[in-house]
Amino acid sequence: MIRDTSERRQQISTLVKERGSVQVAPLAERFGVSMQTIRKDLRYLETRGVMERSYGGAISAEAVNVTAEPAVETKRSSHADEKSRIGKLAAAMVRPGDSIVLDSGTTTLQIARHLPDDKDITVLTNDLDILNALADKENLNVVMLGGMLRRKNRAFYGAQTVAALDELRVDKLFLGVDGFDIECGITTHYEPEAMLNRKMVEAAREVIAVTDGSKFGKVCLHRIIRIENIHHLVTEPQVPEDVRAASERLGFKLHKS
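This is a predicted model, so every value here is computed, not measured.

A.B. asks: I'm lost on the packing of helix α2 (residues 24-31) against helix α3 (residues 35-47) in this one. Help?
C.D. replies: The geometry of a pair of packed helices is captured by two quantities: the angle between their axes and the separation between those axes. Close contact between α2 and α3 brings their axes to 9 Å; oriented N to C, the two are set at 110°. Taken together, the axis directions place α2 and α3 in an arrangement best described as roughly perpendicular. When α2 is examined against α3, the residues Val-24, Ala-25, Leu-27, Ala-28 and Phe-31 are found in contact with a partner set consisting of Met-35, Ile-38, Arg-39 and Leu-42. Of the residues that constitute the contact of α2 with α3, the class distribution is 8 nonpolar, no polar and 1 charged.

What follows is the structure, given as structure tokens:
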């Protein structure tokens, strides 16, 4: 048990640099102090530039290598061919009778465009562009999750959006990715998006992450879930060795476009 504040903070600093991230509850147990005390330590270390606060803990400042969220127009043009192929492969995983959630994003938009126009498929989304793409299909059942529009990525967030999922249970969630790192997990730039995505994960029987290769090894500030919480990963043919090894170790299935 370490109660000396400076020594404890030094050890926390060392831990976050070694591991890339830390969580409040395990640190409180490790050092024999309250979670409130640990949160004070993390705030202090954040002011020193050691780390960035994240949901339930902190991420090493050195690991946070995605410093700015690109505009949606930039995202659309980046890796467009790869996203189209990934979207087509992911859409083929949807079966008649399925209820699915399409997370906001330019890759999940490609899934929407490739979905069959089947009256036995129900699609939920919080993304305005995905809604527009689905509106062109005459038979699909479409549910828009309400909330407040965030114009930066043309999607809806907030308590109303989260509450819309409270009583729902879906077959599949197709989860977009801003950062995919084996140690730090699947991350995003925007905290309300991370909160909504975690609610989507709770509502889904299967979690299917979709991403092009540019997101591997990147870490954003807000973690959505750990890698072991996904069931499938749909991505490009060339997969980094650590991702392939994690698939075998953690049990999620790789699908290469």
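From this point on, the discussion continues.
A.B. asks: Hey, could you run me through the pairing of strand β5 (residues 122-125) in this one?
C.D. replies: Along any regular strand the residues' side chains alternate between the sheet's two faces. Where strand β4 (residues 99-102) lies against β5, 4 bridges are found, and the strand directions are parallel. Looking at the pairing, Leu-102 lines up with Thr-125 of β5. Following the backbone out of β4, through helix α6 (residues 106-114) and into the adjacent parallel β5, one traces a crossover that is right-handed. Relative to strand β6 (residues 141-144), β5 runs parallel, the two being bridged by 4 bridges. Bridging from a neighbouring strand, Thr-125 pairs with Met-144 of β6. On the question of chirality, the crossover connecting β5 to the parallel β6 by way of helix α7 (residues 128-135) is right-handed.

A.B. asks: Please clarify how the sheet that holds strand β9 (residues 170-176) should be interpreted in this entry.
C.D. replies: Backbone-to-backbone hydrogen bonds join strands into a sheet, with any given pair of strands oriented parallel or antiparallel. Read across the open sheet, the 7 strands follow the order β6-β5-β4-β9-β12-β14-β15; overall the sheet is parallel. With one partner strand each, in any of the chains shown, β6 and β15 (253-256) form the two edges of the open sheet. Across the sheet, the mean angle separating the axes of adjacent strands is 20° when strand polarity is ignored. The pairing of β4 with β9 spans 3 bridges and is classified as parallel.

A.B. asks: Got a minute to help me understand the sheet that holds strand β13 (residues 222-225) in this structure?
C.D. replies: Strand order across the open sheet formed by 3 strands is β10-β11-β13, with antiparallel pairing between neighbours. What marks the edges here is a single partner per strand, and that holds for β10 (179-181) and β13. In this sheet, neighbouring strand axes are inclined to one another by 35° on average, regardless of whether the strands run parallel or antiparallel. As judged from the 3 bridges shared by β10 and strand β11 (residues 185-188), these two strands associate in the antiparallel manner. Bridged to Asp-181 within β11 is Gly-185.

A.B. asks: Explanation requested: the nonpolar core in the structure shown.
C.D. replies: Note that soluble globular proteins tend to have their nonpolar side chains buried in a common cluster. Core analysis: the largest hydrophobic core is formed by 30 residues, its most contacted members being Leu-173, Phe-180, Ile-186, Ile-225, Ile-230 and Leu-233. Those elements that provide at least two residues to this core are β8 (155-157), β9, α9 (191-203), β12 (204-210), β13 and α10 (241-250). If near-sequence neighbours (up to four positions away) are discounted, Leu-233 is found in contact with Phe-180, Ala-209, Thr-211, Phe-216, Val-243, Phe-252, Lys-253, Leu-254 and His-255. Residues Val-94, Ile-100, Ile-111 and Ala-112 belong to the second largest nonpolar core, which totals 21 residues.

A.B. asks: Just checking my understanding: could you explain the pattern of salt bridges for this structure?
C.D. replies: Scanning the model with the defined rule gives 9 salt bridges in all. For Asp-41, the salt bridge identified is with Arg-8, shortest N-O distance 2.6 Å. Taken together, the residues Asp-41 in helix α3 and Arg-8 in helix α1 (residues 5-19) connect sequence positions 33 residues apart. In this pair, the class of Asp-41 matches that of Arg-8, namely buried. Measuring nitrogen to oxygen at the nearest pair gives 2.8 Å for the salt bridge that ties Arg-154 to Asp-129. Of the two residues, Arg-154 sits in the loop between β7 (148-150) and β8 while Asp-129 sits in helix α7, which places them 25 residues apart along the sequence.

A.B. asks: Hey, could you run me through the packing of aromatic side chains in this one?
C.D. replies: Aromatic rings considered in pairs are described by the distance between their centres and by the relative angle of their planes. Throughout the structure, instances matching the rule amount to 2 aromatic pairs. Between Tyr-157 and Tyr-190, the aromatic rings sit 5.1 Å apart at their centres with planes inclined by 75°, giving edge-to-face as the arrangement. Separated by 33 residues along the polypeptide, Tyr-157 in strand β8 and Tyr-190 in the loop between β11 and α9 bring together distant segments of the chain. Overall, Tyr-157 belongs to the buried group, its relative accessible area being 4%. Ring plane angle 85° and centroid distance 5.3 Å describe the contact between Phe-180 and Phe-216, whose orientation is recorded as edge-to-face. Taken as a pair, Phe-180 in strand β10 and Phe-216 in the loop between β12 and β13 lie far apart in primary sequence, 36 residues in all. Taking relative accessible area as the criterion, Phe-180 reaches 1% and is therefore assigned buried. Given a relative accessible area of 13%, Phe-216 falls into the buried group. Sitting over the face of the ring of Tyr-44, Arg-9 holds its NZ or CZ atom 4.3 Å from the ring centroid. Over the ring of Tyr-190 we find Arg-150; its NZ or CZ atom is 3.8 Å from the centre of that ring.

What counts and how
Residues numbered from 1 in each chain as written. Predicted model: local features only at pLDDT ≥ 70, side-chain atom pairs only at ≥ 80, totals over all residues. Heavy atoms only, no water. Axes fitted to C-alpha atoms, helices over the stretch in contact; angles between N-to-C directions. Helix = DSSP H or I, 4+ residues; strand = E, 2+ residues; numbered from the N terminus. Parallel < 35°, antiparallel > 145°, perpendicular 65-115°, else oblique. Contact = heavy atoms within 4.5 Å. Nonpolar A, V, L, I, M, F, W, Y, C, P; charged D, E, K, R; others polar. Pairing = 2+ DSSP bridges. Right-handed = clockwise from strand over helix to strand, strands pointing away. Core = buried A, V, L, I, M, F, W, Y, C linked by side-chain atoms within 4.5 Å. Buried < 20%, exposed > 50% of the residue type's maximum accessible area, 1.4 Å probe, protein only. Salt bridge = Lys/Arg side-chain N within 4 Å of Asp/Glu carboxyl O. Phe/Tyr/Trp six-rings, centres within 6.5 Å; stacked < 30°, edge-to-face > 60°. Lys NZ or Arg CZ within 6 Å of the ring centre and 35° of its normal.

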